Amino acid sequence: MWADRYGSSFGSEHGGSGRCGIRGALIAKGIGRTPLVKKSASEGHRDGRLSLLEALREVICSEIAAAELPYGSVPVVAVIETGAAGRSDAILVRPTFVRPAHFERSLHFGSAGFTGSDQHLDALRVRDMVLLAEAEPELLGFPGLEEMYRRFANQLGAAQARRLWQGKFLSSNACVSGALADFGSSRALPSWHKYFDQPEERFGDELKYLEVAFDSSLRNFRKYSRIPNLGDRLERAAGALSSQIEGAFASDLIDSLGLKSAQPSTQETVATLFRNYWKSQQSILSSVEHIPTSSLPWIHRAVVCGGSGKDLNQDECIVRYLVEILNKDSSTQVADVLQRLSVWSAPREGLSFDGIAGICREAQSRFDLHSDMQRYVADVIDCALSRALRETADLPLGWRLVGQAVNAGSSVRYLQSLTGGRTAALVSGAVAGNTALVFGEKIPASATENARFPKIVWHIPCDSNAIYCGQKLFIGGIEVRLPPARFLFAPPADRWICASNH
């Protein structure tokens, strides 16, 4: 097993992965201290171990990012509970991946000043990585420096819209494909306030750290690249990162609200309305330590509660203006948009930092009470995902998302018709070859490709009590048992629905 050398946008006191090792096509996190760990590493990283709590957080946040962000996440393929030295430790297994940090120097690690020193070898490593990326990009999965950072901008813009925060962008916590990795600081936030945790680390400031990372990589590509005038072209690309983040923010908003077929002027007006709302919210500085855990936050409260109708607050005004904008566009169905908004804006208390920690601690405390640990841990993860996922872009028109459940890579979203009271199930399962795995059953199917992984989705009529009791249905000639919903969504207030009819 080999420790993985890479650098950092900020110079770095480490030489690479302090607790990860690579063997073949897999990388294991939590194997113990490697020779590359920095001397000033925090207590949690100094011994190279990974707690089971951290591993479960990685799985949950990775699955959320895979489902909701345009370039997804590096998947977790296994969590191995070790229980070493009386502790609840784990090893996290992922496919081996190339990080942007592999194109950056580790300027403050190890020996220097002579041939063969750590610093000399580090410079050769970066040179070789740049030349390899230009000669054989497909070997690394490298789309080019400009495209790589465009993808990161898209990731961060969508994450801002969805209030998903990985902390400051680090070039070591991502893959060159655009996928994100290492979710130790990740959480969902209840609003668009400028939340802060560590000093100078604030939600909404992701562009600043993205630009630092781009500049760090650019210096080395300028130095070692054999492509003429590459640096000048990349500098122009760096200047476009801000507009790309804003564009991804707007795109995610429009897709999530089901407005892709609306008139361009409607899309632009709605995007501007919410972007101004974002800027207003970002003027409010809030600590992540003082996030309320039992209230309906920001615009979601306005959508599902409706307000008094007289002295509207800012959030309620946003919903009112949205309804007015949509009423002017005959191509939109206002009730559909409001239904999606109620889901997209719903809080994710279980995905807050403390919420995930609580879920994992509760699971950890019960391990000794269960004979089948593998099934129990999988159920903990499935429950967290059932409560946290917010997928609305692919919902059919005329239907409201009522509830959802996730089970081992399969999911069911229960829908109710906005007009006739009919109930349906939106069932999805991962596809491998010509087979889909759906709630434990293998179903003949051909994959429908999306940006991250092949999956197939069925829209199937079902009984109304299936939402609460589950139901057996035939899919592709195979009987499948759908579980009941593990999380229910609140509908928009009648006030807004009535306003859309005038």
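Residues numbered from 1 in each chain as written. Predicted model: local features only at pLDDT ≥ 70, side-chain atom pairs only at ≥ 80, totals over all residues. Heavy atoms only, no water.

**Q** I'd like to hear about the packing of helix 2 (residues 52–68) against helix 14 (residues 373–388), residue by residue, with values.
**A** Look at helix 2 against helix 14: their axes get within 10 Å of each other, and the N-to-C directions meet at 40°. As far as their axial angle goes, helix 14 and helix 2 are oblique. Note on packing geometry: the crossing formed by helix 2 with helix 14 is right-handed. Contacts between helix 2 and helix 14 involve Leu56, Val59, Ile60, Glu63, Ile64 and Glu68 from the former and Val377, Ile381, Ala384, Leu385 and Ala388 from the latter. Split into classes, the residues belonging to the contact of helix 2 with helix 14 amount to nine nonpolar, no polar and two charged. (Axes fitted to C-alpha atoms, helices over the stretch in contact; angles between N-to-C directions. Helix = DSSP H or I, 4+ residues; strand = E, 2+ residues; numbered from the N terminus. Parallel < 35°, antiparallel > 145°, perpendicular 65-115°, else oblique. Left-handed = near helix turned anticlockwise from the far one by under 90°. Contact = heavy atoms within 4.5 Å. Nonpolar A, V, L, I, M, F, W, Y, C, P; charged D, E, K, R; others polar.)

**Q** Tell me about the environment of glutamate 136, and name the residues and values.
**A** Within the secondary structure layout, glutamate 136 lies in the loop between helix 3 (118–135) and helix 4 (137–140). A residue is classified by how much of its surface remains accessible, and glutamate 136, at 37% relative accessible area, is partly exposed. (Buried < 20%, exposed > 50% of the residue type's maximum accessible area, 1.4 Å probe, protein only.)

**Q** Now, about the sheet that holds strand 3 (residues 78–81): what can you tell me, with residues and values included?
**A** On the basis of which strands lie adjacent, the open sheet formed by four strands has the order 1-2-4-3 and antiparallel pairing. The open sheet has two edge strands, strand 1 (20–23) and strand 3, and neither has a second partner. Going across the sheet, the axis of each strand differs from the next one's by a mean of 20°, ignoring polarity. The pairing of strand 3 with strand 4 (residues 90–95) spans four bridges and is antiparallel. By the bridge assignment for strand 4, alanine 78 is matched with valine 93. Across the sheet, helix 2 touches strand 2 (26–29), strand 3 and strand 4, and the angle it forms with strand 4 is around 30°. (Pairing = 2+ DSSP bridges.)

**Q** Explain the packing of helix 3 against helix 6 (residues 206–224) to me, and be specific about the residues and the numbers.
**A** Their axes nearest at 10 Å, the elements helix 3 and helix 6 cross at an angle of 80°. In terms of orientation, helix 3 and helix 6 fall into the roughly perpendicular class. Residue-level inspection shows Ala123, Val126, Arg127, Val130, Leu131 and Glu134 of helix 3 in contact with helix 6, the latter providing Asn220, Phe221 and Tyr224. Among the residues forming the contact of helix 3 with helix 6, the class breakdown is six nonpolar, one polar and two charged.

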